[in-house]
Protein chains: 2
Amino acid sequence: MATIEEVARAAGVSTATVSRALRQQPGVSERTRQRVRTVAEEMNYSISRSASGLATGRTRRVGVLVPFVSRWFFGQVLAGAEEVLRSAGYDLMLYVVGDEEGRERFFRELPLRRSVDAVLVLTLSLSTEESDRLRELDVPLGFVGGRMDGFNSVWIDDHGGGMLAVRHLLNQGHTDIAMIHGGAPDALNLPAPHERCTAFRDAMAEHEIPVRESWLGTGDFSVSGGRRAMNRILADELRPTAVFAMSDEMAFGAMHALRNHKIHVPGEIAIVGFDGHEMSECSGLSTVVQPVRQEGGTAAKLLLEQLEQGSTETRDVVLPTELVVRSSTTGDDSM
Amino acid sequence: MATIEEVARAAGVSTATVSRALRQQPGVSERTRQRVRTVAEEMNYSISRSASGLATGRTRRVGVLVPFVSRWFFGQVLAGAEEVLRSAGYDLMLYVVGDEEGRERFFRELPLRRSVDAVLVLTLSLSTEESDRLRELDVPLGFVGGRMDGFNSVWIDDHGGGMLAVRHLLNQGHTDIAMIHGGAPDALNLPAPHERCTAFRDAMAEHEIPVRESWLGTGDFSVSGGRRAMNRILADELRPTAVFAMSDEMAFGAMHALRNHKIHVPGEIAIVGFDGHEMSECSGLSTVVQPVRQEGGTAAKLLLEQLEQGSTETRDVVLPTELVVRSSTTGDDSM
DNA sequence: TTGAAAGCGCTAACAC
DNA sequence: GTGTTAGCGCTTTCAA
């Protein structure tokens with residue numbers, strides 16, 4: 001593999017000129033730049049990131065932390081971030097810190113120390129120690145899924161979204177509404193789920209409808225958890241006429257449970273989810289759609305801006321949600 | 001951030017000794033090693049990968065190519081690979097090469113050139129030019145989803161798995177069987193889908209049952225595609241009594257279509273999928289389960305072995321599949 | 001068992 | 001506009 005020196009020799013210039021020419025830096029005549037570029041291409045030259053990184057102190061790499069990759073939501077956010085980073089010429093180093101063990105090790109060793117220019121945390125709730133540890137890295141930080149001090153933060157209005165969903169049910173005349181939440185404290189310990197819970201209670205309070213505690217179920221943010229939660233709610237002596245699930249996946253699980261019980265949706269029980277999962281359309285699930293890819297993309301952009309400007313100022317962006325009404329809460333094309 | 005030299009000075013030894021001590025290399029007394037390690041830890045030292053990479057030519061990074069991240073299957077394979085790589089101390093650089101444009105650019109620029117020790121390609125069909133380009137990198141290569149020359153390859157017996165599925169339907173007495181495949185040529189252009197198609201025809205031939213072409217649908221490997229395919233099949237003048245979907249996601253879509261048509265599963269139409277998607281259990285979908293995470297993990301392990309041994313010999317591993325029978329093909333707990 | 005020193009391939013300051 | 005050169009922070013011979 002050709003080095004910059006070989007290119008320089010072949011082009012009859014110095015390595016400094018090659019470096020300048022290839023990086024579009026000023027101070028090189030157009031003629032020389034062209035020649036260098038041609039020679040470099042012919043020799044199939046590619047820069048050594050290690051050498052360049054060592055010389056400049058910048059790696060052109062961004063570390064991205066996610067709790068999972070195999071769930072639709074995280075995959076989407078990640079995809080959004082990846083696209084932005086890649087087209088800006090940054091590489092993405094992926095760290096999956098789902099399990100406690102890997103997570104502990106990650107924050108202890110910080111494998112990305114000295115090898116990334118910035119860090120992006122995707123919907124992963126950080127303890128104070130963990131976020132401090134990241135701040136110690138002294139690189140721009142980004143966060144998706146809530147507000148974080150010292151991080152460029154991107155989130156959605158979870159409370160507002162939740163209100164949208166619950167009010168929709170209330171407007172349909174429902175008063176007996178159950179809720180399937182993520183867990184207590186939810187598995188991810190993020191502000192988002194909590195906000196959605198609060199929204200439920202607030203919307204109910206708005207209409208002065210008391211919340212029935214036995215209609216609150218824990219769905220663990222998974223399909224099967226949603227199904228179990230629904231079954232538990234159905235075991236109560238009273239049956240709700242509507243359900244607000246805090247994620248679409250839990251809503252899918254709940255719908256399966258209802259189907260097994262031969263309970264008609266929305267006739268007997270209406271259901272609304274949250275996320276805008278790709279399967280929600282097919283399933284006819286009404287849901288609060290959030291711009292998932294965009295959340296990752298925006299966070300990445302904020303990070304890049306900070307990187308370019310070398311500023312330490314972080315920014316916050318709140319992205320919009322939208323209620324999409326489908327057959328699970330209205331109409332009767334049965335589910 | 002402390003450098004090796006500062007650590008050396010603080011420990012009263014040379015940088016060479018620090019380097020040896022920290023990398024568990026021989027030729028350092030246990031006493032010195034301990035001291036160095038303590039000092040390094042106290043100073044919160046962490047190696048500069050750039051410098052180390054420049055000196056050794058090895059980066060301890062593996063590039064991973066995927067077509068998508070937001071689909072369950074790819075996420076799982078990726079997660080399996082990530083886990084193995086991380087616990088071996090390798091970082092994972094993620095490249096999503098889904099769209100044509102990004103893909104073209106990726107193979108033209110090869111951003112991972114000189115910055116990874118190995119490359120892992122996850123279920124991404126490569127053209128001859130593309131795989132040649134990767135081989136030029138002259139690093140160990142891995143492939144999941146089929147056999148590839150020059151790549152450590154991991155795949156499943158797609159033909160056998162397909163036979164499992166179709167024979168299961170045949171054994172239930174079905175003769176009028178439809179198939180929903182990925183596309184023609186399928187979107188990913190991988191051997192796997194093709195094998196499953198062939199299996200369908202072979203199993204049918206085994207029982208001397210002719211294949212009805214209007215019962216073959218293209219589902220694009222997506223839920224909505226599966227639904228469309230099912231609708232198209234239902235538009236035929238004859239109606240099948242069973243469906244083999246080449247992926248669980250397409251099967252889910254087909255089940256939705258059937259439900260909308262108020263067609264009972266499995267009473268009127270039975271359905272079997274392929275993958276072992278996490279939602280298949282909840283949906284009561286019979287399916288051919290493949291060990292998804294393990295496919296990624298195994299490929300990563302093969303890569304690491306090659307890396308450690310410095311050998312050029314690649315290996316092939318075929319992983320097993322298993323038919324899991326649920327209510328979509330048997331029993332009557334309605335879907 | 002340890003240290004001195006020569007690179008690894010690039011960038012950036014400075015000189016021309 | 002271009003070249004010279006001193007690092008960047010490691011690893012690895014070679015010598016002691």
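Residues numbered from 1 in each chain as written. Chains lettered and ligands numbered in written order. Predicted model: local features only at pLDDT ≥ 70, side-chain atom pairs only at ≥ 80, totals over all residues. Heavy atoms only, no water.

Per an unreviewed UniProt entry, chain A carries the name Transcriptional regulator, LacI family and comes from Actinopolyspora mzabensis.

(A) Broad picture of the pairing of strand β2 (residues 91–96) of chain A. Most of β2 of chain A is tucked away: six of the six residues are buried. Neither face of β2 of chain A is exposed, since Asp 91, Met 93 and Tyr 95 of chain A on one face and Leu 92, Leu 94 and Val 96 of chain A on the opposite face are all buried. Viewed along the sheet, the connection from strand β1 (residues 61–66) of chain A through helix α5 (residues 72–87) of chain A into β2 of chain A turns out right-handed. As defined by bridge partners, β2 of chain A adjoins strand β2 (residues 91–96) of chain B across three bridges and the pair is classed as antiparallel. Of the residues in β2 of chain B, the one forming a bridge with Leu 94 of chain A is Leu 92 of chain B. (Buried < 20%, exposed > 50% of the residue type's maximum accessible area, 1.4 Å probe, protein only. Helix = DSSP H or I, 4+ residues; strand = E, 2+ residues; numbered from the N terminus. Right-handed = clockwise from strand over helix to strand, strands pointing away. Pairing = 2+ DSSP bridges.)

(B) How the structure looks around the protein's contact with DNA strand C. Near DNA strand C, the surroundings consist of 27 residues, among which Ile 4, Ser 19 and Tyr 45 of chain A together with Thr 17 and Thr 32 of chain B are the closest. For DNA strand C, the fraction of protein-proximal atoms (within 4 Å) that sit in sugar or phosphate groups is 68%. Contact between DNA strand C and Ile 4 of chain A: a phosphate oxygen at 2.2 Å from a main-chain N or O atom of the residue. Within the contact set of DNA strand C, a phosphate oxygen lies 3.4 Å away from a side-chain nitrogen or oxygen of Arg 114 of chain B. Those elements that place two or more of their residues in the surface near DNA strand C are α2 (15–22) and α4 (49–56) of chain A together with α2 (15–22) and α4 (49–56) of chain B. Across the surface near DNA strand C, the residue classes tally to eleven nonpolar, twelve polar and four charged. (Near = heavy atom within 4 Å. Polar contact = N/O pair within 3.5 Å; in protein donor to acceptor, adjacent residues only side chain to side chain. Nonpolar A, V, L, I, M, F, W, Y, C, P; charged D, E, K, R; others polar.)

(C) Quick look at the sheet that holds strand β10 (residues 286–289) of chain B. Residues and elements named next belong to chain B. One open sheet holds the six strands; their spatial order is β7-β6-β8-β9-β10-β12, and the pairing between them is mixed. The open sheet has two edge strands with one neighbour each: β7 (216–218) and β12 (322–324). Sheet twist, expressed as the average angle between the axes of neighbouring strands with direction ignored, equals 20 degrees. Pairing of strand β6 (residues 177–181) with β7, which is carried by three bridges, proceeds in the parallel orientation. Paired with Ile 180 across the bridge in β7 is Gly 217. Across the sheet, helix α11 (residues 248–260) lies against β6, β8 (242–245), β9 (270–275) and β10, angled at about 155 degrees from β9, the strand it touches most. (Axes fitted to C-alpha atoms, helices over the stretch in contact; angles between N-to-C directions. Contact = heavy atoms within 4.5 Å.)

(D) Structural context of the pattern of salt bridges. Residue and element names in this part refer to chain B. As enumerated under the stated definition, the model contains 42 salt bridges over all chains in all. Among the salt bridges present, the one from Arg 147 reaches Asp 316, with a minimum N-O distance of 3.2 Å. Of this pair, Arg 147 sits in the loop between β4 (141–144) and β5 (152–156) while Asp 316 sits in strand β11 (residues 316–319), placing them 169 residues apart in sequence. Accessibility expressed as a relative area gives 46% for Arg 147, which makes it partly exposed. Take Asp 316: its relative accessible area is 36%, and that puts it in the partly exposed class. Across the pair Arg 212 and Glu 237 runs a salt bridge, and its minimum N-O distance is 3.8 Å. Taken together, the residues Arg 212 in the loop between α9 (191–206) and β7 and Glu 237 in the loop between α10 (223–234) and β8 connect sequence positions 25 residues apart. (Salt bridge = Lys/Arg side-chain N within 4 Å of Asp/Glu carboxyl O.)

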